Amino acid sequence: MRVLILGGTGDAAELAAKVTTIQGLEVITSLAGRTREPSVPLGDLRVGGFGGAAGLASYLRVMEIDLLIDATHPFAAQISFNAADAATEVGVPRLMLIRPPWEKESGDGWIEVDSVAAAATALQNQAQRVFLTVGRQELAAFAHLEKIWFLMRMIDPPGEDALVPPGMVLCDRGPFTLNNERQILIENNIDTIVSKNSGGDATKPKIIAARELGVKVVMVNRPAIPPGEQVNNVDAALVWLGVGVARRRHRC
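Residues numbered from 1 in each chain as written. Predicted model: local features only at pLDDT ≥ 70, side-chain atom pairs only at ≥ 80, totals over all residues. Heavy atoms only, no water.

The name given to the chain in an unreviewed UniProt entry is Cobalt-precorrin-6A reductase, with Nostoc cf. edaphicum LEGE 07299 as the source organism.

What follows is the structure, given as structure tokens:
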């Protein structure tokens, strides 16, 4: 039986590694290809887009996919909707593996917004030195804020023609430690962090460091996701896989 994992997260890589140990299951992980040197998961790998829901549906048919797990980034909403449409069209069971969002705690100075554009608006006349951690594809939304200095952290540097706000680019990949994040905030005199509410442990230390140091956080809330069955951890996804495999074999 063949399982397709729509990946790009640490949870997806962990799941793929565990699925490869299950006899009778073949796993294919699909990555969008936006990162130049992605962490390569175990099992088979494909890189690149599908061409929308229709392209993904065609792939499911051609590759004879039995089960589909959407373990993409919480902010990769379009691929999740495409996956929902494609799985429904082809009749392939689909699961969403979605890590829980961070919850605001006592001492957090969060300003919650619903988009990256709204995050840029929230910074105007409110911040002077910003730790920007929303990824290189979102930089243009902040390029007009010429009076603010930005420390922009991302995995890959922006392209030569990219619109970039004033400041400095820091290329790095998580997971990050609390000491690392605390040091960044202190050494760069950061007064505000801009972050997507991605959840998980890999990048949470910056949120803890901000709480400790009294640094504001402009937190971008997650976009809507399609309806469907979902779990919030790898072990639960493995249970779902086991049930799905049993059902498929019973039908055969």
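The structure having been displayed, the exposition proceeds.
So, the sheet that holds strand 7 (residues 129–133)
Picture the strands of a sheet paired through backbone hydrogen bonds; they go either parallel or antiparallel. The test is simple: Any two strands between which DSSP finds at least two bridges are classified as paired. Numbering of helices and strands starts at the N terminus; helices are DSSP runs of H or I of at least 4 residues and strands are runs of E of at least 2. Orientation is described by lines fitted to C-alpha atoms, with helices fitted over the stretch in contact, and by angles between N-to-C directions that extend from 0 to 180 degrees. Contact criterion: two residues are considered in contact whenever any of their non-hydrogen atoms come within 4.5 Å of each other.
In spatial order, the strands read 6-11-10-7-8-9; together these six strands make up an open sheet with parallel pairing. A strand with exactly one partner marks an edge of an open sheet, and here the two such strands are strand 6 (110–113) and strand 9 (167–171). With strand direction ignored, the average angle separating the axes of adjacent strands in the sheet is 20°. In the packing of helix 4 (residues 116–123) onto the sheet, contacts are made with strand 6, strand 7, strand 8 (149–154), strand 10 (192–196) and strand 11 (216–220), and the angle to strand 11 comes to roughly 155°. Those strands touched by helix 6 (residues 205–213) are strand 6, strand 7, strand 8, strand 10 and strand 11, and its axis lies near 150° from that of strand 10.

A short note on helix 3 (residues 77–90)
Our working definition: Helices are assigned an expected span. That span is 1.5 Å times one less than the residue count. The buried label goes to any residue with under 20% of its type's maximum accessible area, the exposed label to any with over 50%, and the partly exposed label to all in between, with areas taken from a 1.4 Å probe on protein chains only.
Relative to the 20 Å expected for 14 residues at 1.5 Å per residue, helix 3 spans 20 Å between its end C-alpha atoms, a close match to the ideal helical length. Turning to helix 3, its buried residues number three or more, namely Ala77, Ser80, Asn82, Ala83, Ala84, Ala86 and Ala87. Elements in contact with the buried residues of helix 3: strand 1 (2–6), helix 2 (52–62), strand 4 (67–70) and strand 5 (94–97). Looking at the residues trailing helix 3, positive phi occurs at Gly91, about 85°.

A few points about the packing of aromatic side chains
Quick reminder of the rule: Each pair of aromatic rings taken from Phe, Tyr and Trp, with Trp reduced to its six-membered ring, is defined by centres within 6.5 Å and is described as stacked if the planes are under 30 degrees apart, edge-to-face if over 60, and tilted in the remaining cases. Only lysine NZ and arginine CZ atoms are considered, and such an atom sits over a ring when it is within 6 Å of the ring centre and within 35 degrees of the ring normal.
The tally for this structure, following the rule as stated, stands at two aromatic pairs. Ring centres of Phe50 and Tyr59 lie 5.2 Å apart, and the angle between their planes is 65°; this geometry places the pair in the edge-to-face category. A residue is classified by how much of its surface remains accessible, and Phe50, at 17% relative accessible area, is buried. Across from the ring centre of Phe50, 3.9 Å away, lies the NZ or CZ of Arg46, which sits over that ring. Between Arg129 and the ring centre of Trp149, over which it is positioned, the NZ or CZ distance is 4.0 Å.

Here's the deal with the nonpolar core
Where a protein is soluble and globular, its nonpolar side chains tend to be buried together. Keep this limit in mind: The criterion is simple. A nonpolar core is a set of buried Ala, Val, Leu, Ile, Met, Phe, Trp, Tyr and Cys residues joined through side-chain atoms within 4.5 Å.
Leu123, Leu132, Phe142, Phe150 and Val194 are the most contacted members of the largest nonpolar core, which has 21 residues in total. The set of elements that each furnish at least two residues to this core consists of helix 4, strand 7, strand 8 and strand 11. The element contributing the most residues to this core is helix 4, with five residues. Sequence-distant contacts of Phe142, defined by excluding residues within four places in its chain, comprise Val116, Ala119, Ala120, Leu123, Leu132, Val134, Phe150, Pro165 and Val194. Counting residues in each nonpolar core, the second largest holds 18 residues, with Leu95, Val231, Val234 and Leu241 among its members.

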